[in-house]
Amino acid sequence: MFLSFFPQPKLFFTSAAAWSLVLVLVWFAGGEQWGALIGLPPAAADAPPIIGVAVFWSKPFLWFYLYFALGVALFYAFWSRYSPHPWQRWSILGSALILFIVYFQVQVSVAVNNWYGPFWDYIQNVLSKTITTTTPEFYSQVASFAGLALVGMNVSVLNAFLVSHWVFRWRNAMNDYYMSHWDRLRHIEGASQRVQEDTMRFSQIMEGLGTAFIDSIMTLIAFLPVLIALSTHITALPIVGAISHPLVVAAIAWAFFGTISLVVAGYKLPGLQFRNQRVEAAYRKELVYGEDDASRAQPATVTELFGNVRRNYFRLYFHYVYFNVVRYTYLQANNIFSLLILGPSIVAGTITLGLLNQISYAFSQVTGSFQFLVNSWPTIVELLSVHKRLRAFEATLEGEPLPDIDQHYLERQRAGMRPEDQPAS
């Protein structure tokens, strides 16, 4: 799954993580200041944030773009010499470009959050008649947000287009790799389905899940400092009382609670999804045989095979009931959690409308990042089931024992049972 697209996957991902950490540490240890050498200094510590799209071509941003590009170029140059790979342009440069675009999208969200404070304070002052304003001035404030929204929309479209091509290249690489070893793989149960359908599903899942994971990490990196800064306006939490960085503590604790709850509730789902693929494959295979052989796909056989499909789906539906109860209860509670945290400050009138909107937005971004597993668990379950099926290919090519469920299939096959005669569980 990974060897086909990435050079020496274990070493590659380890080096990518290590190099990313080095770049981050160098940036905060002084690299941010190096831009001043070429006329791109960082913003002053006491400088107010730039409101609107102009922030994206400000000098600090331009220097970061150059710094990121230099880091990627050095990493690509190393791997292109150390371990050349036919898909290295897509797996290295394509991945880096997606990372940058996701980072840019997150910065759009940060810019929107910076816009929230002044705008809603302006609205509050206008409504309370503390200041007077004009219609052109009001629309100027709105136009500033419209510019950010337009940039965010176009970047999102570009990202979706690029990610779609990137994941199809990954599927292309998997398909070429497996087909080059087809003589060794063709005897595995459902081999054709695993090559055609499971590689497609794997790439589609990675398209959404991988992008969501990267977005969560980037959002966390961008908004956690924002939330720490905003925590200075909130000194205590309900029940807990006064603590350091209360908003950050509340976000982490709430997300941790939701993640553990979902993992426990969804523990059995990956295995059931995997078995679902097996009974579906057995049913489909018998129907395919029946297209050319009149003795196959007889009513009794088809009824039994579809009965296996029905039983497994019903088991899956049952387990999803309590999983969805936990999931949707948590997500609904999440909608009002920030208001519960800010309740005492709102009642005491210690925060403005603009600050309330900034804190609520930043808090939702941080908790959303921490809740990656909560929001993505059904997709992760599907990915695990696909991984189990493709793992049989990996085991065969690496000379390792097959996964237990595939060994069980082979044992039953040696005993004289056809795959379609096997029970669902």
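Just so you know, the residues in each chain are numbered from 1, in the order the chain's sequence is written. Reporting of local features is limited, given that this is a predicted model, to residues whose pLDDT is at least 70; pairs of side-chain atoms are given and counted only at 80 or more, and all residues count toward the totals for whole chains, interfaces and linings. Only hydrogens and water are removed before side-chain values are computed, so all heavy atoms of the structure are retained for them.

Here we come to the nonpolar core. Phe56, Trp170, Phe202, Phe223, Leu227 and Leu247 are the most contacted members of the largest nonpolar core, which totals 78 residues. Segments assigned H or I by DSSP are reported as helices when at least four residues long, segments assigned E as strands when at least two residues long, and all are numbered from the N terminus. With 16 residues, helix H3 (residues 88-127) is the single largest residue contributor to this core. Judged by nonpolar contacts, the second largest core, of eight residues, contains Ala265, Leu269, Leu272 and Leu316. Put simply, buried Ala, Val, Leu, Ile, Met, Phe, Trp, Tyr and Cys residues joined by side-chain atoms within 4.5 Å make one nonpolar core. Only protein chains enter the calculation, and the probe is 1.4 Å; a residue is then buried if its accessible area is under 20% of its type maximum, exposed if over 50%, and partly exposed in between.

Working rule for helices: expected span equals 1.5 Å times residues minus one. The end-to-end C-alpha distance of helix H7 (residues 246-265) is 29 Å, a good match for the 28 Å that 20 residues give at a rise of 1.5 Å each. The set of residues buried in H7 consists of Pro246, Leu247, Val248, Ala250, Ala251, Trp254, Ala255, Gly258, Thr259, Leu262 and Ala265.

Attention now moves to the packing of H3 against helix H10 (residues 353-370). Orientation is described by lines fitted to C-alpha atoms, with helices fitted over the stretch in contact, and by angles between N-to-C directions that extend from 0 to 180 degrees. Across the interface, H3 lies against H10 with an axial gap of 6 Å and an inter-helix angle of 155 degrees. Compared by their axis directions, H3 and H10 come out roughly antiparallel. In the packing of H3 onto H10, the handedness of the crossing is right-handed. Judged by residue contacts, Ser109, Asn113, Asn114, Tyr116, Gly117, Trp120, Asp121 and Gln124 of H3 engage Leu353, Gly354, Leu355, Asn357, Gln358, Tyr361 and Ala362 from H10. In the contact of H3 with H10, the residues fall into six nonpolar, eight polar and one charged. Angle categories are assigned with fixed cut-offs, so that under 35 degrees is roughly parallel, over 145 is roughly antiparallel, 65 to 115 is roughly perpendicular, and the rest are oblique. For a crossing to be left-handed, the near helix must be turned anticlockwise from the far one by less than a right angle; the clockwise case is right-handed. Any two residues having at least one pair of non-hydrogen atoms within 4.5 Å are treated as being in contact. Residue polarity is assigned by list, with Asp, Glu, Lys and Arg as charged and Ala, Val, Leu, Ile, Met, Phe, Trp, Tyr, Cys and Pro as nonpolar; anything else, Gly included, falls into the polar class.

The next thing to look at is the UniProt feature "transmembrane region" (unreviewed entry) in the chain. When the UniProt feature table is mapped onto this chain numbering, "transmembrane region" (unreviewed entry) sits at residues 61-79, 91-112, 145-168, 209-230, 242-267 and 336-356. Taken end to end, residues 61-79 has its terminal C-alpha atoms 27 Å apart, with 100% of it in helix and 0% in strand. Between the first and last C-alpha atoms of residues 91-112 the distance is 32 Å; the span itself is 100% helix and 0% strand. UniProt positions are given in the numbering used here, feature names are shortened, and annotations may be inferred rather than shown by experiment.

This brings us to the confidence of the model for the chain. Every residue is assigned a pLDDT by the predictor, reflecting its confidence on a scale from 0 to 100. On average, the chain scores 80 in pLDDT, and the residues at 70 or more come to 86%. By mean pLDDT, helix H12 (residues 404-414) is the weakest element of the chain at 52, and helix H2 (residues 59-82) is the strongest at 94.

The subject of this paragraph is unusual backbone geometry. The backbone phi angle of Gln8 is positive, close to 45 degrees, even though this residue is not glycine. Of note, Gln8 is situated in the segment before helix H1 (9-29). For Gln8, a relative accessible area of 35% gives the class partly exposed.

Turning next to the packing of aromatic side chains. The geometry of two aromatic rings is summed up by the distance between their centres and the angle between their planes. Here a pair means two rings of Phe, Tyr or Trp (six-membered ring of Trp) with centres within 6.5 Å. Their orientation is stacked below 30 degrees between planes, edge-to-face above 60, and tilted elsewhere. What the rule picks out here adds up to 46 aromatic pairs. Pairing Phe56 with Phe104 gives two aromatic rings, centres 4.8 Å apart and planes at 40 degrees, and the pair type is tilted. Of this pair, Phe56 sits in the loop between H1 and H2 while Phe104 sits in helix H3, and the two are 48 residues apart along the sequence. Exposure class is identical for Phe56 and Phe104. Each is buried. Ring centres of Trp63 and Tyr67 lie 6.1 Å apart, and the angle between their planes is 55 degrees; this geometry places the pair in the tilted category.

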